[in-house]
Amino acid sequence: MKEPVIRFQDILEAVRGYMPEADTALLRKAYVFAAVSHRGQLRKSGTPYLSHPLAVTKTLTDLRMDVPTLCGGLLHDVLEDCEVPEAVLKEQIGEEVTQLVVGLTKTAKVSLQSTKRRRLESYRKTLIAMSRDIRILMIKLSDRLHNMRTLYSLSDEQRKRISEETLTIYAPLANRLGISWMRSELEDLSFENLNPELYEEIRRGVEEKVEAKAEVIRNVSDILEEKFREEDIPCEIFSRVKHYYSIHRKMIQQEIDLDQIFDLFAFRAIVAEERHCYQVLGIIHSLWAPVPGRFKDYIAKPKANKYRSLHTTVFGPSGDCVEIQIRSRAMHREAEHGVASHWIYKEQAGFDTGDESTFKWLRGVLNNLQEISDPKNFMDVMQLDLFPDQVYVLTPTGEARELPRGSTPVDFAYTIHSEVGDHCARAKVNGKLVPLKYELHNGDVVEILTSKTQTPRKDWLKFVKTADARAKVRAWIRKEEREQAQNLGKEILEKGLRKSGLRYAKLLKDGDFKKVEKAHRFKSLEDLLRAVAYGRLSVGQVIDALPKPEAEQEEGAWDKGLERLVERADKRSDTGVRVRGIPDIFVRFAKCCNPVHGEEIIGFITRGRGVTIHSRNCLKAQQGSGERWIEVNWDEGARVLQRAKIRVVSQDRPGLLAGLSKAIAAVDVNISQAKAWTTGDRQGVAQFEVMVKNLEHLTELIHSLEKVKGVLAVERLLN
């Protein structure tokens, strides 16, 4: 892989772009010193070593750092890798730059007992030096970023080790300092090296989804740009895709797959001033309805790393959930560059610490670290403070595994191999036997004991934390259930056929079941048998579809026609729903979405409870097993009243409840239940359970209630 070539001239041009008055003489001097010191040195990739400090310094110009920091970037390796005496560097380049380089220099190898201890002391020394001058960390992060970009020349073991410490230490530090683009890139590069197959799977999946939504993205951008022009608000609209590691973390934390992540892409509206942010928010909410519970005001209440922005999610023009972030140009600079937009460097004056509150957390951590002498304790504190949602445990051979906090030995077992997870019988933590639901802690050494007779159990789903473990346990259980259903279906079918004088084995041998599969659109005999077990297909329907002698077919033609008419009549239920292919089936409506006539619906076969009718958009229904869904539709001829719940928020004034009742009666709706109460801020809340004919009738009711004087909001409750 070819590295992009960075020239010193590129750095000079970048500096002049954001610091026109800068004295670049010192920068030139540092460049010459670095070039002479690294002469003849090559990186592992075979490129001249000078390419590395140049790339590091170019990143520092992207962060708009001062000249001494850029000099530190050019010279950050000369003391250790070139054996340049500190006194010489100080004499040639000056005290300020030398102190930055000294702060970056790793601990001498001879004084430490092991590679691991050496790395831990390196973290400690760098971070404590950083407490005196934050610029040291800026150089360190830029150095790590370029090393991560060029990992391809190292061995698998080295790539994995460097990626693990980057994910553990450096990416969280970049996040704490508010440098969002750097954190995202460090996380994605680490993820790609630690789990290349999963990284590639997520990358391809995201690309496909973004491509599929390209029209939606263009449409939203065009609508927003046109609306802001009409309102005469200068505003830039950008779209961005969620980075891959954050998608991976969300899938683990929320126990979902890629198809269930609805904020893969988001829009950014960047305005001139803070006052425009709320104006733009109002315009967006006037265009599209906001998704309840998805609005965050990080301007009024910034994040710990000083991130400020408004976040809202709306139902976009095509019904998709669309996330929009609204921020001023100043807020955008802070979000992208974090520390560099808060701390000002001045020639001659040194480092301005006027915004000390920005780093109150970071300095507190560093003060605590200075009291810790044991490197292992040091790392425990770092991991808890920087990455509180993760635990790091070890295999018996010392290989690290990152897991969500609260994970168990079963989660750990599945990170080793799916076979180890499936047959995980017992576990040892730090040499002692523990229950499989034991909660792992930082630094635990975990050993899994397997047994061929052990298989995943349903109760594992109560305590496993990782999405991978949960998915594999569910897959095993589904496979087991499918096999059980096939066996049950075969048993039911054999008994039913015997009563009709038919033999299952002979029909199977003659291939007669193929016609049944074709008639009912099953892909295989196994699917047919499961349908019999679940009650989707009766033994009678199987017998009807079997090949018959011609005489029997002619004799039964009139009877069959009559039977079909009867079957159609039977399918009409008093619920107003028709279930295709399943006569006399019990139907009930799901409480999670409470669909009414006119909404798109789908049926879900519930064992022992018939078919549950969900709205097609109901998330709970979409999470169910795909093979248990069944197509259903509304019976247009039915006249059935359906239950719906409405909440009305209003001013607390006399006579309002009577007005609401009158508005309900005006649209010919009966109230089956009503509750009303007053809130502490002098608002009235009324909740009605009503009987409506269909979705149109329900909409008419909501509009009628909205017209009542004093009503502030009317919403439909789904449960």
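Everything numeric in this text was worked out from a predicted model, so none of it was measured. (Residues numbered from 1 in each chain as written. Predicted model: local features only at pLDDT ≥ 70, side-chain atom pairs only at ≥ 80, totals over all residues. Heavy atoms only, no water.)

## Points about the overall build of the protein
Within the protein one finds 31 helices and 22 strands. For the protein, the proportion of its 719 residues judged to be buried stands at 46%. Here the analysis covers contacts within the protein between residues at least 6 apart in sequence; of these, 64% occur between residues at least 24 apart. (Helix = DSSP H or I, 4+ residues; strand = E, 2+ residues; numbered from the N terminus. Buried < 20%, exposed > 50% of the residue type's maximum accessible area, 1.4 Å probe, protein only. Contact = heavy atoms within 4.5 Å.)

## Some words on the pairing of strand S15 (residues 601-605)
With five of its five residues buried, S15 lies for the most part within the structure. Of the two faces of S15, the one carrying Ile 601, Gly 603 and Ile 605 and the one carrying Ile 602 and Phe 604 are both buried. Relative to strand S16 (residues 611-615), S15 is paired through five bridges, and the arrangement is antiparallel. Bridge pairing in S16 links Ile 605 to Val 611. Where S15 lies against strand S17 (residues 629-630), two bridges are found, and the strand directions are antiparallel. Each bridged residue has a counterpart across the sheet, and for Gly 603 the counterpart in S17 is Ile 630. (Pairing = 2+ DSSP bridges.)

## What to know about the nonpolar core
For soluble globular proteins, nonpolar side chains are generally found buried alongside one another. Residues Val 15, Leu 27, Leu 75, Leu 89, Met 182 and Leu 186 are the most contacted members of the largest nonpolar core, which totals 52 residues. At seven residues, helix H9 (residues 135-149) tops the list of elements feeding residues into this core. The residues contacting Leu 186, other than those within four sequence positions of it, are Arg 144, Leu 145, Met 148, Thr 166, Tyr 170, Ala 171 and Ala 174. Phe 228, Cys 235, Ala 269 and Val 280 belong to the second largest nonpolar core, which has 25 residues in total. (Core = buried A, V, L, I, M, F, W, Y, C linked by side-chain atoms within 4.5 Å.)

## Remarks on the confidence of the model for the protein
The share of residues in the protein with pLDDT of 70 or more is 81%, and the mean pLDDT across the chain is 79. Every residue in residues 369-373 scores below 50 in pLDDT, and together they form 14 contacts with partners more than four places removed in sequence or on other chains. Every residue in residues 549-573 scores below 50 in pLDDT, and together they form 13 contacts with partners more than four places removed in sequence or on other chains. (pLDDT = per-residue confidence, 0-100.)

## Details of the pattern of salt bridges
Under the counting rule described, the total for this entry stands at 24 salt bridges. One salt bridge in this structure joins Arg 149 and Glu 185, with 2.7 Å as the shortest N-O distance. A residue pair is termed long-range when its members are at least 10 positions apart, and Arg 149 in helix H9 and Glu 185 in helix H11 (residues 180-194) qualify at 36 residues. By relative accessible area, Glu 185 is classed as partly exposed at 24%. Across the pair Glu 600 and Arg 616 runs a salt bridge, and its minimum N-O distance is 3.7 Å. (Salt bridge = Lys/Arg side-chain N within 4 Å of Asp/Glu carboxyl O.)

## Notes on H9
For H9, spanning 15 residues, the distance from its first C-alpha to its last is 21 Å, which sits close to the expected 21 Å at 1.5 Å a residue. Among the 15 residues of H9, 13 are classified as buried, and the element is accordingly described as predominantly covered. (Expected span 1.5 Å × (residues − 1).)

## What about the sheet that holds strand S20 (residues 670-678)?
Reading across from one edge, S20-S21-S19-S22 is the order of the four strands in this open sheet, with antiparallel pairing throughout. Each edge of the open sheet carries a strand with a single partner, namely S20 and strand S22 (711-717). Averaged over all neighbouring strand pairs, the angle between strand axes comes to 20 degrees, with direction disregarded. In terms of strand pairing, S20 meets strand S21 (residues 683-692) through eight bridges, oriented antiparallel. Looking across to S21, one finds that Gln 673 is bridged to Glu 689. In the packing of helix H30 (residues 656-666) onto the sheet, contacts are made with strand S19 (642-651), S20, S21 and S22, and the angle to S21 comes to roughly 20 degrees. (Axes fitted to C-alpha atoms, helices over the stretch in contact; angles between N-to-C directions.)

## Side note on unusual backbone geometry
One can expect most non-glycine residues to show negative phi and most peptide bonds to be in trans. In this structure, Asn 594 is a non-glycine residue whose phi angle is positive, near 45 degrees. With a phi angle near 60 degrees, Asp 668 is a residue other than glycine that sits in the positive phi range. Relative to the elements of secondary structure, Asp 668 occurs in the loop between H30 and S20.

## Focus: the environment of Gly 603
Looking at where Gly 603 falls in the secondary structure, it is placed in strand S15. Sequence spacing of Gly 603 and Ile 613 is 10 residues, and the spatial spacing of their C-alpha atoms is 4.7 Å.

## What to know about the environment of Ala 171
Checked against the element boundaries, Ala 171 lands in helix H10 (residues 156-176). Separated by 26 residues in the primary sequence, Ala 171 and Leu 145 place their C-alpha atoms 9.5 Å from one another. Ignoring anything within four residues of it in the chain, the contact list for Ala 171 reads Thr 166, Arg 183, Leu 186 and Glu 187.

## Considerations on a negative patch on the surface
Together, Asp 222, Glu 225, Glu 226, Glu 230, Glu 231 and Asp 232 make up a region of like negative charge exposed at the surface. Structurally, the position occupied by Glu 231 is in the loop between helix H13 (214-230) and strand S1 (235-241). A relative accessible area of 38% means that Glu 231 is categorised as partly exposed. (Patch = residues over 30% accessible without salt bridge, like charges linked within 9 Å, V, L, I, M, F, W, Y side chains within 5 Å. Areas by Shrake-Rupley, 256 points an atom, 1.4 Å probe, with all protein chains shown as cover. Lys, Arg positive; Asp, Glu negative; His and termini not counted. Charge placed at Lys NZ, Arg CZ, Asp CG, Glu CD.)

## Re the packing of aromatic side chains
Tallied over the entire structure, the rule returns eight aromatic pairs. Where Tyr 298 meets Tyr 307, the ring centres are 5.9 Å apart and the plane angle is 65 degrees; that geometry is what we call edge-to-face. In this pair, the class of Tyr 298 matches that of Tyr 307, namely buried. For the ring pair Tyr 504 and Phe 513, a centre distance of 5.2 Å and an interplane angle of 45 degrees mean the geometry is tilted. In this structure, Tyr 504 and Phe 513 share a single accessibility class: buried. Positioned over the ring face of Trp 476 is Lys 479, at 5.5 Å from the centre of the ring. (Phe/Tyr/Trp six-rings, centres within 6.5 Å; stacked < 30°, edge-to-face > 60°. Lys NZ or Arg CZ within 6 Å of the ring centre and 35° of its normal.)

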